[in-house]
Amino acid sequence: MNTKILYFVLTLIFFFVIIKESTGKSIPSSNVNPFNPLLKRHEEKKCYDYLVLTATFEDKKLTGVVTLAGDDSKTETFVYGLFSKGIEDPKKFTICLEDCNGKIVYNLTDDLDLKFDGHGGTKPFCAYIKLDIFKFYYGDGDKRKRQANGGASVVTGNPADSAPANKAEP
Ligand SMILES: *[C@@H]1O[C@H](CO)[C@@H](O)[C@H](O)[C@H]1NC(C)=O
């Protein structure tokens, strides 16, 4: 056989193998659902640890709930919540995250851009904040181990109140 033809045939076989390999193994990027990045993660067979915390205010001062959620793929936490009653002066109302050492690690007041209902409550609020939710909940110590000295909490100002951020177990 002519060497030119031989090279041509070998090149064809080579490309055929490459095409077979790529269609068999990789996921075309068009398969990634832009509305569900978790789907892509799943296909990549990567697992991320996640944490969902809820702080419920249900005392004489305030009624409301703040939910925090995040995974360890990035240091970003989703905040979602609502206060239904108890806020006296909306201009002075503040909301912060206090870690298990009683240290304020995040002041949410500006990020949440709260809208008030005029009756001591807020409209539903949400925000993505730059916060490592695992560090917030578990502290700096042994990862994935709850600290003994009290838990993380959500604290408010005007009125001064607080609610423990509890892990939402599945
Ligand atoms: C949180 O931020 C608000 C608005 O910027 C501010 O008025 C308040 O003093 C801050 N609170 C704390 C505890 O830093």
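Our subject is the structure that appears above.
Owing to the predicted nature of the structure, the values given are computational and were not obtained by experimental measurement.

Draft legend 1. Seen up close, the site of the ligand. The ligand sits among Thr94, Cys96, Ile104, Asn107, Thr109 and Asp110. Here an oxygen atom of the ligand sits 2.3 Å away from a polar atom, N or O, in the side chain of Asn107. One nitrogen or oxygen atom from the side chain of Asp110 is found 2.9 Å from an oxygen atom belonging to the ligand. When the ligand is considered free in solution it has 360 Å² of accessible area, and contact with the protein chains removes 45% of it. Those elements that provide at least two residues to the shell around the ligand are β4 (94-98), β5 (104-107) and α3 (109-112).

Draft legend 2. Region of interest: the environment of Gly70. Summarising the element assignment, Gly70 is placed in strand β2 (residues 63-71). Once the C-alpha coordinates of Gly70 and Leu131 are considered, the two residues, 61 residues apart in sequence, prove to be 8.9 Å apart. When residues no more than four places from it in sequence are discounted, the contact partners of Gly70 are Asp49, Tyr50, Leu51, Glu76, Ile133 and Phe134.

Draft legend 3. Highlighting the nonpolar core. Membership of the largest hydrophobic core comes to 30 residues, with the highest contact counts inside it found for Val66, Phe83 and Leu97. For this core, the elements supplying multiple residues, two or more each, are β1 (50-58), β2, β3 (77-85), β4, β6 (125-129) and α4 (133-138). Ranked by residues supplied to this core, first place goes to α4 with 5 residues. The residues contacting Phe83, other than those within four sequence positions of it, are Phe57, Leu62, Thr63, Gly64, Val66, Phe93, Ile95, Gly121, Thr122, Phe125 and Thr156.

Reading the values: the criteria
Residues numbered from 1 in each chain as written. Predicted model: local features only at pLDDT ≥ 70, side-chain atom pairs only at ≥ 80, totals over all residues. Heavy atoms only, no water. Near = heavy atom within 4 Å. Polar contact = N/O pair within 3.5 Å; in protein donor to acceptor, adjacent residues only side chain to side chain. Areas by Shrake-Rupley, 256 points an atom, 1.4 Å probe, with all protein chains shown as cover. Helix = DSSP H or I, 4+ residues; strand = E, 2+ residues; numbered from the N terminus. Contact = heavy atoms within 4.5 Å. Core = buried A, V, L, I, M, F, W, Y, C linked by side-chain atoms within 4.5 Å. Buried < 20%, exposed > 50% of the residue type's maximum accessible area, 1.4 Å probe, protein only.

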